[in-house]
Every structure is written in structure tokens, then in C-alpha cells.
Amino acid sequence: MHNISRRTFLKAAAATGTAVAAAPLLMNFTTYSKEAAQAPLVKVPSVCNGCSTSCGLFAYVKNGRLWKVEGNPIAMKNVGTLCARAHGVAADVYGLDRVHQPMKRVGEGKFEPISWEQAYKEIGDKLAKIVDKHTGNSVVWLCHGGKETYASYLLDEIGSSNYITHYSTCFNSKTNAWDRMVGAQPVPDFTRSRYMLFCGRNYGGAIVPAAMNQLTKAKERGAKIIVVDPRLCELAKIADEWIPIRPGTDLAFYLGLAHTLVSESIYNGAFVREYCDGFEEFWAANRHFTAEKASEICGIPAGKIRQIARDLAKYAPAAFLDPGYHGLHNHYVSSTQIAQANVIVNALIGNFYQHGGLLPAASVKFGALPKAKRLQPEKGPRIDGAGVNGEYPTVETSRGIAQIMPDLIEKGKLKALFVYHFNPLRTAPDPEHQKKIVNAELVVSIPLDWNETSYHVAHYILPEHHYLERNEAPKSLSGNIAHDHPQVVMRTAAIKPVHDTKDLLDILKGITKAMNIDDLYPFTVEDETEAYLKPLGITKGRLQEVGCIEFAPTVKPGFPWISGKPACNTVTGKIEFSIGAFKLHGRQGVPTWIPPLVSPKGDDEFRLIHGKQPWHSHAMTSNSPYLMAMSKSYNGSWLWINKARADKLGIRNGDTVTVEAQVASKTGSRPVSKQIPAKVTEMLHPDCVWLPSGYGNFSPKARTGYQQGINYNDFAPCRVEPLSGGCMVQEVIVKVRKGGK
């Protein structure tokens with residue numbers, strides 16, 4: 001046994017946080033390990049960053065290192081449970097492929113490490129010159145979403161309107177339609193519903209842990225769960241009935257439901273008359289769209305469509321058509337109309353603001369930091385065209401259009417791009433097109449690891465702390481599922497930074513200081529926290545102690561009224577069946593049938609669709625060793641194909657197949673061909689093939705996920721759905737054949 005010196009022990013102990021005040025002068029490693037084992041276990045509350053659900057958790061730390069994470073039993077999204085993603089993402093704090101310090105591109109695929117001071121100076125100098133020469137409106141902040149306040153300080157100071165989120169690659173059709181028609185984003189009440197219809201919504205794959213728990217209990221008490229989906233998804237496995245629908249035809253199904261409700265006079269006429277506007281316009285446009293016509297299009301028997309409509313009416317108001325999320329609200333030319341029709345079906349059964357139906361999300365009103373008035377330049381119109389007359393006037397300006405950055409660079413509109421917590425090269429369509437982002441004058445990526453955007457297009461990489469290494473201001477925990485009580489959670493640093501990384505606030509302070517912008521961020525996270533919590537009557541210490549605080553209920557059934565009138569946050573104060581802004585810009589205000597842009601025709605042609613798996617959050621988690629090990633165990637990256645169609649093509653389970661498509665662009669089209677093993681199954685509609693969304697990584701520095709599987713975006717051209725700005729990535733036809741290259 002080798003002895004170690006006190007000096008060596010002190011250095012090791014300092015690195016791990018071990019107490020050393022009483023350490024002996026000479027110690028062997030056996031003694032050291034015993035000392036380390038006796039160190040206290042520290043429990044730190046935080047908020048998971050494995051997806052956008054924001055589950056509450058506790059991190060357990062020993063000797064300054066993460067030991068494990070557990071769910072917070074109070075937090076309404078997970079109620080003490082955590083999914084696989086939470087554990088995998090927590091372990092990524094020690095991931096081998098994290099970016100360790102600021103990096104500067106010096107060639108294709110070549111980077112040199114630089115100091116934070118050098119990074120701030122060079123980025124600050126370049127950004128200042130771009131703003132001086134091209135105005136601040138040539139600068140874009142592109143992000144997943146969140147921390148809008150920090151970005152807005154910078155954008156306001158330089159005169160940029162261009163805050164853009166990932167929503168146009170996710171579910172912006174839903175937010176656009178529901179905000180305009182309802183004035184809110186209500187959530188389903190699983191715990192009190194008696195009949196639940198889910199279309200393209202998979203709570204078992206895109207996991208909200210508490211949702212699956214509530215749905216299971218709802219079924220045990222007799223509630224009916226119906227899943228309409230081209231694939232037998234995870235949620236469908238617990239459903240009373242799975243109804244496979246021809247992909248791309250959900251709008252026809254919804255219109256068939258609405259027609260049955262109205263034509264059979266089983267809709268809630270009193271609710272529609274008092275709380276809705278535009279019913280006559282909708283019915284005039286759709287009175288001939290019968291269940292039989294819907295059936296011809298979507299493949300669901302007309303009798304089944306009528307039965308579902310009758311059951312919705314029978315169990316209403318404790319029934320709903322789930323508002324949906326990613327599955328239908330980005331992928332088709334009709335995605336906006338799908339969202340509109342969803343609102344209308346729910347309104348026809350009168351379930352808004354009713355127990356068992358759709359309820360508003362509970363919320364609290366935070367305080368705010370005082371913001372000093374500054375002399376700032378006037379902003380120009382958004383360069384992505386969102387909300388701009390003559391371009392995309394009805395796209396939400398709070399979301400923008402994420403997939404068109406290369407086009408804006410080519411047009412000379414975009415000169416400097418900041419990409420925060422987002423990876424457009426992997427999660428936006430046509431990665432070869434997205435690679436042209438590198439042609440901007442300045443591209444700064446603020447990631448955790450070596451994602452594709454950082455490796456292929458960033459000029460500078462400024463690594464952010466892992467979520468377990470950083471403190472953040474409190475946030476309201478709400479959405480996805482009904483919960484009457486508002487909750488507040490807060491992300492708290494559990495361990496010291498493993499690498500030379502920083503949090504976003506400090507990064508922006510450094511850049512703006514280098515631009516000679518004084519005191520743009522004259523506050524700390526602690527200042528924010530104190531200001532946010534002040535009106536709530538709770539302290540930072542109390543919130544840090546319990547991790548999640550629940551308040552008295554704010555959600556009560558009953559339609560909102562003010563001064564004796566309906567008071568939705570819409571133009572009329574009512575639920576609006578027709579969107580006036582659409583009509584103002586020459587579009588139809590009510591949803592009517594719109595066929596898909598493309599449809600499969602040949603024996604080897606399929607519509608390409610995709611979805612989440614329970615252990616991955618799209619490409620965000622696909623470099624996690626633990627989660628990728630699960631993918632290997634479950635053959636998770638394989639392409640799903642219907643057995644009858646596979647038999648005709650001579651494809652057997654596990655065979656390698658080639659997936660091919662022509663990807664269109666402004667300069668023509670190019671062939672794309674990828675190979676992948678096939679999962680042959682009867683659990684998929686024959687018109688389509690299905691890919692899980694979390695694979696196909698092509699950053700060689702993200703070694704675990706590198707070249708594992710293929711990705712649906714490889715086959716999708718870069719397009720914009722005109723009403724809401726979506727990508728329409730399931731308007732893609734691929735050919736599938738047995739064998740490799």
C-alpha cells in the first residue's frame with residue numbers, strides 16, 4: 001500500500017469537496033476512501049432539462065460529485081417520478097463530449113481553445129462592426145425557447161426584432177390557432193374526464209410522467225381512452241381502442257366529427273350560441289363534409305367516425321379531443337387548419353372551462369426587476385417575415401421561422417447569428433441546406449456539447465453550464481395537463497462546474513461589455529430571484545429547501561366573464577370559429593378540407609412520418625451513452641414498415657433497407673439515400689414508414705451518437721407553411737427497397 005502526502009490528499013480533497021480539516025499527515029488510499037465514504041450526502045432541488053416538460057427533481061451530491069437524481073413528489077408534471085431521459089441527461093454533466101471551454105474555428109472541422117476574455121473581445125468587436133454597418137436588425141437570436149429576457153436586453157439595445165424560437169420545427173400551428181381562436185392554451189383534465197380522444201399525441205413517447213400516471217388511473221376508474229394514430233404508439237398500448245388513420249388526413253377526420261355533431265343535433269347549441277362566434281360561417285363552408293366523405297379520405301369507417309362523435313357528445317363536458325402537440329402541428333400543409341378544427345370540435349361539445357374537459361393552466365404573477373430606460377435604436381421589421389405584410393403576416397412574431405436562416409444569409413439580411421440551446425443542423429429540415437449558415441459573418445453557438453451546429457457552422461462556441469451546474473430564476477410549473485394549483489420551481493446549482501463553462505447571463509455580460517455597452521445587465525440571478533418572488537410571499541431559501549411550492553388553486557370551472565360578457569382573450573371575447581387575421585390577408589378564416597401536398601403512389605413509395613421514443617428528446621439526447629445503450633437494446637433506431645407492404649418488397653424484420661428521396665431546393669433537387677435496418681410490424685398504417693426522431697447525428701465530436709441511425713430531416717426540403725410558418729416535414733414521400741448501397 002502506497003502512502004500519499006498530505007499535500008496530495010489536500011489537492012484531491014479540494015477537487016471533490018471532501019472536508020480535510022482533521023486529515024492526518026500521512027494517509028493510504030484505503031483510509032482516504034473511508035473518509036470519502038463518510039462525507040455527507042447533500043440533497044439539492046432543481047428542474048430537469050431533459051425536455052421542455054420541466055419535471056421537478058432532487059440531485060444527490062456526495063464529495064462534490066453527482067450521485068443520483070430523484071423526482072420531486074410535489075412537482076405536478078412528474079409527482080416524484082422521472083423518465084429515462086432525466087437520468088441520462090443528468091449523467092451528461094460528466095459527458096466525454098462536452099465542450100470544455102470557448103472554442104474558435106480555424107478551419108473546416110478544426111478549432112482552437114481560447115480564453116473567455118479573447119472570446120468576448122473578438123465576438124464583441126465583430127458584432128459591434130456588424131451593427132454599425134448593417135444595423136442591429138441584421139442580428140438574429142435563434143433558440144429553443146426560454147430566457148427571452150436575457151436575449152431581449154441585447155436585441156433591444158442593438159435594435160433587432162429577430163428573436164426566433166424552434167417552434168416552427170415543432171408545434172407553432174397549434175399555438176398560432178389556439179391563441180387566435182381561444183386566447184389561451186388550455187390543457188386537458190385527465191383526472192376528471194370520462195372520454196378522451198388522442199390524435200397524433202403520445203404521452204407515453206413524448207413523456208409527461210404524471211400524465212401517464214393519471215391516464216392509467218383514469219382507465220382504472222372506467223374512463224374511455226381512444227387513440228387515433230398511424231402507429232400503435234406507447235399511449236395506444238393502454239387505450240381502449242387504437243384506430244389507425246391514413247397519415248396526413250387528420251383534418252378530414254376532425255371535419256367528419258364536427259359534421260356528425262352538428263347534423264345529428266348532438267352538439268351543445270347553448271354553449272355555441274353564448275360563448276362562440278363564427279359558427280354559421282364554419283357550417284356554411286363544411287355542411288357537405290359528411291362522415292362518409294371523411295371516411296373516403298382518412299380510411300376510418302364512417303360508422304366509427306359517427307360513433308366517436310356521439311361518444312364525445314354523450315360524455316361531454318367531461319370529454320375532450322386532446323389539443324395535441326408536435327405530432328400534427330408542424331408537419332402538414334394543413335397543420336394550421338388541423339389545429340383550428342380541433343378547437344371547433346371541443347367547442348361543439350361545450351367542454352371549455354369545464355372539469356373533465358379543457359381548463360386553463362394555473363399560474364402565478366411574478367414580480368420583475370426594474371428596467372432602466374435607455375436610448376435605443378428603432379427596430380426594423382423582422383427579417384424572417386413573421387408578422388410582416390406581404391411575407392408571412394399571420395406567423396407569430398413571438399416564435400418566428402427557424403428553418404430559413406440559410407435563405408436570410410443568402411439574401412444578405414442576416415449577418416450575425418446567435419444559436420442558444422438549439423441545433424438547427426439536426427432538428428431543422430435539409431441539413432445540407434442548413435450548413436450554409438456558416439456563410440454568415442458571425443455565428444456563435446452556445447451549447448452544452450459538440451452538436452452539429454457547433455461543429456459544422458459555428459465560428460465561436462461558448463459552452464454553457466450543464467443545468468446541474470447553474471442557478472436560474474424561478475419559473476411557473478404549468479401546462480400539458482390540468483392542475484388547479486399553481487406551482488413555482490427553481491433550478492439550483494448542485495455541483496461546481498466540471499469545465500471552464502459559464503451561464504448565459506455571464507456570457508452576455510462579457511460580450512456586451514466588450515462592445516462598450518455599459519451596465520446592460522446590472523443584476524444577478526439572485527437579484528432576479530428576489531424580485532420574482534417578492535409578490536408571492538415566499539423566500540429563496542424556502543424554495544431552495546423544498547424545490548417546489550404549491551399555491552392556493554386559481555383554476556375554477558366556468559367560462560370567463562367581465563362586465564356581464566364572455567371574456568376570452570380574443571377580439572370578440574368568445575371562442576372564434578373563424579380567424580379574422582387570416583381573412584384580412586386573403587385566407588379562409590374557417591378550416592376546410594385541404595389535401596396533402598404529396599401522396600404515395602408506387603408499390604415502393606411511402607409517406608415518411610416520425611415521432612419520439614420514451615428515452616429520447618429528439619436529437620438533444622442522442623449522444624448520451626446511457627440512453628443510446630437503451631436504443632441498442634431495443635433496436636430503437638430502426639425504420640418501422642407495415643408487414644403487408646414489407647412482404648411485397650421482400651423485406652424481413654432486421655433486413656437492411658435503403659430509403660431514398662429527391663430533396664427539392666431553389667436550385668433544383670438532389671437525391672438522398674440512407675441505409676437502416678427495418679422493423680417489420682403490423683402496428684403501422686400501410687401508407688407510411690416511421691422513423692424515431694433522435695438519430696442520424698453527424699458531428700464526429702459527438703462520438704456516442706455519431707452515424708447512429710438516420711433522421712427524417714435528411715429527406716425533407718426546407719419549406720414554410722404560410723399561415724403559421726411550419727416545416728411540413730411529413731409532406732415527404734420516400735422509396736424503400738431491400739438491401740444497402
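To be clear, the structure that these remarks concern was listed above.
Residues numbered from 1 in each chain as written. Predicted model: local features only at pLDDT ≥ 70, side-chain atom pairs only at ≥ 80, totals over all residues. Heavy atoms only, no water.

Engineer: Explain the overall build of the protein here, please?
Structural biologist: Of the regular secondary structure elements, the protein holds 23 helices and 31 strands. Taken over C-alpha atoms, the radius of gyration comes to 26 Å for the protein, in line with the 27 Å a tight globule of 741 residues would show. Per-residue burial for the protein yields a buried fraction of 59% across its 741 residues. Of the contacts made within the protein by residues no fewer than 6 positions apart, 72% connect residues no fewer than 24 positions apart. Each charge class in the protein can be summarised by its mean position, and for the 85 positive and 68 negative side chains these summaries are 3 Å apart. (Helix = DSSP H or I, 4+ residues; strand = E, 2+ residues; numbered from the N terminus. Rg over C-alpha atoms; globule rule 2.2 N^0.38 Å. Buried < 20%, exposed > 50% of the residue type's maximum accessible area, 1.4 Å probe, protein only. Contact = heavy atoms within 4.5 Å. Lys, Arg positive; Asp, Glu negative; His and termini not counted. Charge placed at Lys NZ, Arg CZ, Asp CG, Glu CD.)

Engineer: Explain helix α13 (residues 335–348) here, please?
Structural biologist: For the α-helix, the turn length of 3.6 residues means that residues three or four positions removed from each other point alike. Here α13 is 14 residues long and its end C-alpha atoms lie 20 Å apart, about the 20 Å a rise of 1.5 Å per residue gives. Counting buried positions over the 14 residues of α13 gives 14, a clear majority of the element. At the exit of α13 stands G350, carrying a positive phi of roughly 65 degrees. (Expected span 1.5 Å × (residues − 1).)

Engineer: Just to check I follow, could you spell out the packing of helix α8 (residues 250–263) against α13 for this structure?
Structural biologist: Each pair of packed helices can be described by the angle between their axes along with the distance between the axes. At a minimum axis distance of 9 Å, the contact between α8 and α13 shows a crossing angle of 25 degrees. When the axis of α8 is compared with that of α13, the two are roughly parallel. α8 and α13 meet at a crossing whose hand is left-handed. Counted together, D250, L251, Y254, L257, A258, L261 and V262 of α8 and Q337, I338, A341, N342, V345 and L348 of α13 form the full contact between these two elements. Class assignment for the residues of the contact of α8 with α13 results in 10 nonpolar, two polar and one charged. (Axes fitted to C-alpha atoms, helices over the stretch in contact; angles between N-to-C directions. Parallel < 35°, antiparallel > 145°, perpendicular 65-115°, else oblique. Left-handed = near helix turned anticlockwise from the far one by under 90°. Nonpolar A, V, L, I, M, F, W, Y, C, P; charged D, E, K, R; others polar.)

Engineer: Looking at this structure, I do not really get the pairing of strand β30 (residues 688–692). What am I missing?
Structural biologist: The side chains of a regular strand alternate between the sheet's two faces. With five of five residues buried, β30 lies mostly within the body of the structure. Here β30 shows a buried face lined by C688, W690 and P692 and a second buried face lined by V689 and L691. Bridge count for strand β26 (residues 605–611) against β30 is five bridges, and the pairing is parallel. Note that in β30 the partner of L608 across the bridge is V689. Pairing of strand β27 (residues 639–642) with β30, which is carried by two bridges, proceeds in the antiparallel orientation. (Pairing = 2+ DSSP bridges.)

Engineer: What should I look at first to understand the sheet that holds strand β20 (residues 475–477) in this one?
Structural biologist: Strand pairing in a sheet takes place through backbone hydrogen bonds and is either antiparallel or parallel in direction. Strands sit in the order β20-β21-β22 across an open sheet of three strands; the sheet is antiparallel. For this open sheet the edge positions go to β20 and β22 (548–550), each flanked by a neighbour on one side alone. Strand-to-strand, the axes of this sheet are offset by a mean angle of 30 degrees, without reference to chain direction. Where β20 and strand β21 (residues 487–489) come together, three bridges link them in antiparallel fashion. Within β21, the residue paired with L477 across the bridge is Q487.

Engineer: Help me out: how do you make sense of the pairing of strand β4 (residues 56–62) in this one?
Structural biologist: Of all seven residues in β4, six are buried; the element is thus mostly enclosed. Pairing between strand β3 (residues 41–47) and β4: seven bridges, direction antiparallel. The partner of V44 across the bridge, within β4, is A59. In the sheet, β4 pairs with strand β5 (residues 65–71) via six bridges, with the strands oriented antiparallel. Residue pairing across strands places Y60 opposite K68, the latter belonging to β5.

Engineer: Is there a simple way to think about the nonpolar core in this case?
Structural biologist: Grouped burial of nonpolar side chains is what soluble globular proteins tend to show. Among the nonpolar cores identified, the biggest contains 94 residues, and L197, F198, F253, F352 and I575 are the most heavily contacted of them. Sequence-distant contacts of L197, that is, excluding residues within four places in its chain, are made with I226, V228, F253, L257, I308, L312, F320, L321 and D322. (Core = buried A, V, L, I, M, F, W, Y, C linked by side-chain atoms within 4.5 Å.)

Engineer: For this particular structure, what's the right way to read the side chain of H331?
Structural biologist: By the secondary structure assignment, H331 is in the loop between β15 (319–321) and α13. Given a relative accessible area of 0%, H331 falls into the buried group. Polar side-chain contacts of H331 include one of 2.9 Å to the backbone oxygen of H326. Engagement of the side chain of H331 in a polar contact is seen with the side chain of N330, the distance being 3.3 Å. Dropping the residues within four chain positions of it, H331 is found in contact with H326, H610, M728, V729, Q730 and E731. (Polar contact = N/O pair within 3.5 Å; in protein donor to acceptor, adjacent residues only side chain to side chain.)

Engineer: Just to check I follow, could you spell out the packing of aromatic side chains for this structure?
Structural biologist: Each aromatic ring pair is described using two quantities: the centre-to-centre distance and the angle formed by the ring planes. This model, assessed by the stated rule, comprises 32 aromatic pairs. Both rings, one in Y153 and one in Y521, keep their centres 5.3 Å apart while their planes meet at 35 degrees; by these two values the pair is tilted. Note that Y153 is positioned in helix α5 (residues 148–158) and Y521 in the loop between α18 (504–514) and α19 (525–533), a separation of 368 residues in sequence. Considered together, Y153 and Y521 belong to a single accessibility category, that of buried residues. For the pair W640 and W690, a centre-to-centre distance of 5.2 Å together with 65 degrees between the ring planes defines the contact as edge-to-face. Of this pair, W640 sits in strand β27 while W690 sits in strand β30, placing them 50 residues apart in sequence. (Phe/Tyr/Trp six-rings, centres within 6.5 Å; stacked < 30°, edge-to-face > 60°.)

Engineer: Mind showing me how you'd approach the pattern of salt bridges here?
Structural biologist: A side chain with one charge can pair with a side chain of the opposite charge if their charged atoms come near. Across all of its chains, the model carries 31 salt bridges by this definition. Here R231 makes a salt bridge to E234, at a shortest N to O gap of 3.4 Å. On the basis of relative accessibility, which here comes to 5%, the residue R231 falls in the buried class. Linking D647 and R652 is a salt bridge whose minimum nitrogen-to-oxygen distance equals 3.6 Å. Three or more residues are tied together by salt bridges with common partners; here these are E464, R470, E472 and R491. (Salt bridge = Lys/Arg side-chain N within 4 Å of Asp/Glu carboxyl O.)

Engineer: Can you walk me through the state of the cysteines in this structure?
Structural biologist: As used in these notes, a disulfide is a covalent bond between sulfur atoms, one from each of two cysteines. Scanning all chains against the criterion turns up zero disulfides. Of the cysteine sulfurs around C55, a residue in no disulfide, the closest is that of C51, at 6.1 Å. Judged by relative accessible area, C55 falls into the buried class, the value being 8%. The structure places no disulfide on C688, whose sulfur is separated from the nearest cysteine sulfur, that of C233, by 12 Å. (Disulfide = S-S within 2.5 Å.)

Engineer: Looking at this model, I keep getting lost on the layout of surface pockets. Mind explaining?
Structural biologist: It is the rolling of a water-molecule-sized probe over the atoms that shows where space remains empty. Size it by volume and the second largest pocket reaches roughly 460 Å³. At the level of elements, α14 (405–410), α16 (431–434), β28 (656–665) and β29 (668–681) are the ones that each hand at least two residues to the lining of the second largest pocket. (1 Å grid on protein atoms, 1.4 Å probe; cavity = no way out; pocket = protein on both sides within 12 Å on 5 of 7 lines; lining within 4 Å. Points joined across faces, edges and corners; volume = space filled by probe spheres on them.)

Engineer: Please clarify how helix α6 (residues 172–181) should be interpreted in this entry.
Structural biologist: Of all 10 residues in α6, eight are buried; the element is thus mostly enclosed. Within α6, burial applies to N172, S173, K174, T175, N176, A177, W178 and M181. Buried residues along α6 sit against α13, β16 (358–359), β25 (575–576) and α21 (580–584). The first or second residue beyond α6 is G183, which carries a positive phi of 80 degrees.

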